[in-house]
Amino acid sequence: MSGIALFDLDYTLLDFDSDHAWGDYLCQRGKVDAAWYRSQNDAFYADYRAGVLDMPAFLRFSLKPLGDLPYDELLALRSDFMDVQGSAKILPKALDLVRLHRAAGDRTAIVTATNRFVTEPFAALFGVDHLMATELEMVGGRTTGMPLGEPCFREGKVSHVGAWLGTFGGRFEDCVFYSDSINDMALLQAVGRAVAVDPDKALNWEARMRQWDVLSLR
């Protein structure tokens, strides 16, 4: 069997946090109360970077605009978001890395805590085989603003990957996982090979202690 390459998205393959940037974009477009929303968005992002994010609270906050706005308008906004800033944040070396794994015949997947609505266009641009993201509840062709199932975050990433591996008999030990974040320690410890990509301070320390590979895509 060929290998299995798993990639975190934000600040690993991308040069920004797409979830945080999408929130800023909604502020810029006047789709939310900009001053309040930006302050909350920044506070949640700081908690994420510190490894103390309250994920249920963050999802209640960040998914609400997806339930409030008409789905056609959301699709138009997402397309503009990608044109204005999203596509430019894809790291060229990250594209090369994904292509290298694909050329080797490896299965490829993005595993991200950011919701599927925001991350689908990025997964398409990278050409990965599969996207694992925090899922959105859909009713009547539009989002409800509520998550569906277990968020793809921390131990949830292990659950999502395990379920996906089970669809084709894959094993964690055959996986390599690339991530920048201490929030991904559960999955980094579960796979056969862990690679810290431009890691945050906490993950850099863990990677050095555990003798994991450390890579820069910048």
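Here the structure is shown first, and the text comes after it.
Residues numbered from 1 in each chain as written. Predicted model: local features only at pLDDT ≥ 70, side-chain atom pairs only at ≥ 80, totals over all residues. Heavy atoms only, no water.

1. A short note on the sheet that holds strand S3 (residues 130-139)
Move 1: Spatial strand order, S4-S3-S2-S1-S5-S6-S7: seven strands in an open sheet with mixed pairing. Either end of the sheet is taken by a strand with one partner, and the two such strands are strand S4 (142-148) and strand S7 (213-215). Within this sheet the neighbouring strands show an average axis-to-axis angle of 30°, counted without direction.
Move 2: Note that S3 and S4 share four bridges and pair antiparallel. Note on S4: the bridge partner recorded for Met138 is Thr143.
Move 3: Sheet strands in contact with helix H8 (residues 155-166) are strand S1 (4-7), strand S2 (107-115), S3 and strand S5 (175-179), and its direction is about 145° off that of S2. (Pairing = 2+ DSSP bridges. Helix = DSSP H or I, 4+ residues; strand = E, 2+ residues; numbered from the N terminus. Axes fitted to C-alpha atoms, helices over the stretch in contact; angles between N-to-C directions. Contact = heavy atoms within 4.5 Å.)

2. Describing the nonpolar core
Move 1: In this structure, Phe7, Leu13, Trp22, Phe81, Ile110, Phe122 and Phe126 are the most contacted members of the largest nonpolar core, which totals 52 residues.
Move 2: Filtering out sequence-adjacent residues up to four positions away, Phe122 remains in contact with Leu9, Leu14, Phe16, Ser18, Phe81, Met82, Gly86 and Ile90. (Core = buried A, V, L, I, M, F, W, Y, C linked by side-chain atoms within 4.5 Å. Buried < 20%, exposed > 50% of the residue type's maximum accessible area, 1.4 Å probe, protein only.)

3. A look at the pattern of salt bridges
Move 1: Applying the stated criterion across every chain, the model contains 17 salt bridges.
Move 2: Asp180 is the salt-bridge partner of Arg49, the closest N and O atoms lying 3.6 Å from each other. Of this pair, Arg49 sits in helix H2 (residues 34-50) while Asp180 sits in the loop between S5 and helix H9 (185-190), placing them 131 residues apart in sequence.
Move 3: For Arg49, a relative accessible area of 37% puts it in the partly exposed group.
Move 4: Given the relative accessible area of 3%, Asp180 is considered buried.
Move 5: Close ionic contact of Glu120 with Arg116 constitutes a salt bridge, the shortest N to O distance being 4.0 Å. A residue pair is termed a helical-turn pair when its members lie 3 or 4 positions apart in one helix, as Glu120 and Arg116 do in helix H7 (residues 116-126) at four residues.
Move 6: We classify Arg116 as partly exposed; its relative accessible area is 22%.
Move 7: When salt bridges with common partners are traced through the structure, they connect Arg78, Arg116, Glu120 and Glu135 into a single cluster. (Salt bridge = Lys/Arg side-chain N within 4 Å of Asp/Glu carboxyl O.)

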